[in-house]
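Observations on the model geometry
Residues per chain are reported as follows:
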Amino acid sequence: MPNAKIAGIGFYVPEQVVTNFDLMKVMDTSDEWIRERSGIIERRYGKKHEETPTTMAAEAAKVAIERAGISKEDIDFIIFATLSPDYYFPGCGVLLQRELGITKTEIGALDIRNQCSGFIYGLSVADQFIKSGMYKNILLIGSEMHSMGLDFSTRGRAITALFGDGAGAVVLQPSEDENKGVLTTHLHSDGTHAEELAMLSPGSHGGKHLPDVDFGFPPADELGEIFVYDNLLENKSYYPQMDGQLVFKKAVTKFPEVIMEALTKTGYTPADIDMLVPHQANLRIAQFVQKTLQLPDDKVFNNIMKYGNTTAASIPIALCEAWEQGKVKEGDLVCLAAFGSGFTWGSALIRW
Ligand code: COA
């Protein structure tokens, strides 16, 4: 059974740079606070009403497709991971198909809603499809436009300061060499803390506020009002919410655990890792993981300083930059790991 290998990789970040000092103009925060707690210096925001997760994904995908040496018509499956989709439905997979001008309908498009670990989940799914022989050229995307959904008042500062926009893409193909490509993937979830890092609306959970009515269900327009009133206006539940300290505590445990799981499965140790590309959640989390695994500085790639946390896009963006800078080379053992909302977490080991 062939493994999936990354045949092409690309990323796109919007032009507009937003520094911590820029955020200080709209909310009570400081460059010092953001840098010290997260390592972030600046992030990118897409052009309002022009750029979307889909348009950014298309830019990243074009690069990945070209580098894979194929044409867009060769893509036989799309996997799109995002928590900030263009629409509530349909998902971004089909929108990307249209944006790229892929007119054939023999392909499938799957949307992944696993937030920060969306790319690893997508990679694992793609690897299974390739191992089974079902698909030969899978386009896997992580793309986020957080800037359209953040609370830019002081109330939202603990979350807003952390996030940025961007997209990363890979083309996955069967590896001719069974010792190359994706060697193993490990996925986990624990719904106990689902609301501790979440955006609750729009969502059907508003049903619990429905008044008692004889016919069982209120008329549609009343239902709409309830949704709008209860969830969208009063509770501001259309903004993300997070228990930062809980997320931090869980992340620093789960990252090393899931990395060790992948290493143990394949008979490697942390010393065998040539490059760890962790989900860019927070520089302090990445440093904690690095220390736990006793990895030297040149074996961990971080770029959160420039882009903030781009959720599903952070791993492919970081992996692409590491590769472009010559820090990921042919034959290297590359480890990817993520933890985030859900909670969900996962890891992948790739022989490049
Ligand atoms: N600027 C200035 N002050 C801020 C601020 C900001 N952007 N955000 C929060 N604060 C304030 C808080 O209001 C609080 O003030 P108070 O003491 O007067 O109440 C103070 O800073 C400390 O807040 P706290 O939430 O305890 O800070 P923290 O040390 O836990 O750091 C995070 C907050 C979010 C940086 C940290 O918890 C974290 O990194 N968590 C993980 C988040 C993450 O990685 N999420 C993505 C996962 S994929």
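Heads up: the structure comes first, above all this text.
Parameters at a glance
Residues numbered from 1 in each chain as written. Predicted model: local features only at pLDDT ≥ 70, side-chain atom pairs only at ≥ 80, totals over all residues. Heavy atoms only, no water. Helix = DSSP H or I, 4+ residues; strand = E, 2+ residues; numbered from the N terminus. Rg over C-alpha atoms; globule rule 2.2 N^0.38 Å. Contact = heavy atoms within 4.5 Å. Areas by Shrake-Rupley, 256 points an atom, 1.4 Å probe, with all protein chains shown as cover. Buried < 20%, exposed > 50% of the residue type's maximum accessible area, 1.4 Å probe, protein only. Pairing = 2+ DSSP bridges. Axes fitted to C-alpha atoms, helices over the stretch in contact; angles between N-to-C directions. Salt bridge = Lys/Arg side-chain N within 4 Å of Asp/Glu carboxyl O. Near = heavy atom within 4 Å. Polar contact = N/O pair within 3.5 Å; in protein donor to acceptor, adjacent residues only side chain to side chain. Nonpolar A, V, L, I, M, F, W, Y, C, P; charged D, E, K, R; others polar. Domains from an automatic or database assignment. Core = buried A, V, L, I, M, F, W, Y, C linked by side-chain atoms within 4.5 Å. Parallel < 35°, antiparallel > 145°, perpendicular 65-115°, else oblique. Left-handed = near helix turned anticlockwise from the far one by under 90°.

Observations regarding the overall build of the protein
The number of helices and strands found in the protein is eleven helices and 13 strands. Here the protein has a C-alpha radius of gyration of 20 Å; the compact-globule value for 352 residues is 20 Å, and the two agree. For the protein, the spread of C-alpha atoms along the principal axes amounts to about 65 × 50 × 35 Å. Sequence-distant contacts in the protein: of pairs separated by 6 or more residues, those separated by 24 or more amount to 78%. Summed over all atoms, the accessible surface of the protein reaches about 15,800 Å², with 52% contributed by carbon and sulfur.

Structural notes on helix α11 (residues 314–324)
Counted residue by residue, α11 has nine buried out of eleven residues, so it is predominantly covered. Taken as a whole, α11 has its buried residues at Ser 314, Ile 315, Pro 316, Ile 317, Ala 318, Leu 319, Cys 320, Glu 321 and Ala 322. Just past α11, the residue Gly 326 takes up positive phi, approximately 75°.

Structural notes on the sheet that holds strand β4 (residues 77–81)
In any sheet, the strands associate via hydrogen bonds between backbone groups, in a parallel or an antiparallel arrangement. Strand order in the open sheet formed by five strands is β1-β7-β6-β4-β5, and the pairing between neighbours is mixed. Where the open sheet ends on each side, the last strands, each with one partner, are β1 (4–12) and β5 (108–112). Averaged over all pairs of adjacent strands, the angle between strand axes in this sheet comes to 15°, irrespective of strand direction. As defined by bridge partners, strand β6 (residues 138–144) adjoins strand β7 (residues 166–174) across seven bridges and the pair is classed as antiparallel. From the neighbouring strand, Gly 142 faces β7, where its bridge partner is Gly 168. The strands touched by helix α4 (residues 92–100) are β4, β5 and β6; relative to β4, the strand with the most contacts, the crossing angle is about 120°.

Quick word on the sheet that holds strand β11 (residues 275–278)
Taking strand neighbours across the sheet as the criterion, the four strands line up as β8-β13-β12-β11 in an open arrangement whose pairing is mixed. Of all strands in the sheet, those with a lone pairing partner are β8 (181–189) and β11, marking the two edges. Within this sheet the neighbouring strands show an average axis-to-axis angle of 10°, counted without direction. Where β8 lies against strand β13 (residues 344–351), eight bridges are found, and the strand directions are antiparallel.

Structural notes on the pattern of salt bridges
Counting across every chain of the model gives twelve salt bridges. With its nearest N and O atoms 3.0 Å apart, the salt bridge here joins Arg 35 to Asp 31. Remark: Asp 31 and Arg 35 occur in helix α2 (residues 31–38); sequence separation between them is four residues, near one turn of the helix. Measuring nitrogen to oxygen at the nearest pair gives 3.3 Å for the salt bridge that ties Asp 151 to Arg 155.

A few points about the site of the ligand
Residues in close proximity to the ligand total 20 residues, the closest being Thr 29, Arg 37, Gly 244, Gln 245 and Asn 282. Between the ligand and Arg 157 there is a distance of 3.0 Å, counted from an oxygen atom to a side-chain nitrogen or oxygen. At 2.5 Å, a side-chain N or O of Asn 282 approaches an oxygen atom of the ligand. Here the ligand, which alone exposes 960 Å², has 72% of that area covered by the protein. Of all the elements in the fold, those that place two or more residues in the shell around the ligand are α2, α6 (157–160), α8 (244–266) and β12 (333–340). It is α8 that contributes the most residues to the shell around the ligand, four residues altogether. Classifying every residue of the shell around the ligand gives eleven nonpolar, seven polar and two charged. Mapped onto the domain boundaries, the shell around the ligand takes at least three residues apiece from domain 1 (4–174) and domain 2 (181–195 + 242–351).

A few points about the environment of Ile 112
Along the chain, Ile 112 falls in strand β5. The class of Ile 112 is buried, set by a relative accessible area of 8%. In contact with Ile 112, not counting residues within four places along its chain, are Ile 79, Phe 80, Ala 81, Thr 82, Gly 118, Tyr 121, Gly 122 and Val 125.

Quick notes on the nonpolar core
Formed by 40 residues in total, the largest nonpolar core has its most connected members in Leu 172, Leu 319 and Leu 336. Residue-level mapping places this core at the junction of two domains, with at least three residues from each of domain 1 (4–174) and domain 2 (181–195 + 242–351). Excluding residues that lie within four positions of it along the chain, Leu 172 makes contacts with Ala 4, Lys 5, Ile 6, Leu 123, Ala 126, Ile 130, Lys 136, Asn 137, Ile 138 and Leu 140. Listed in part, the 25 residues of the second largest apolar core include Phe 255, Val 258, Leu 276 and Ile 285.

Some details on the packing of helix α3 (residues 53–67) against α4
Running from N to C, α3 and α4 point in directions that differ by 60°, and their axes come no closer than 9 Å. One finds that α3 runs oblique with respect to α4. Seen along the crossing, α3 lies across α4 with a hand that is right-handed. Contacts between α3 and α4 involve Pro 53, Thr 54, Thr 55, Ala 57, Ala 58, Ala 61, Lys 62 and Ile 65 from the first element and Cys 92, Leu 95, Leu 96, Glu 99 and Leu 100 from the second.

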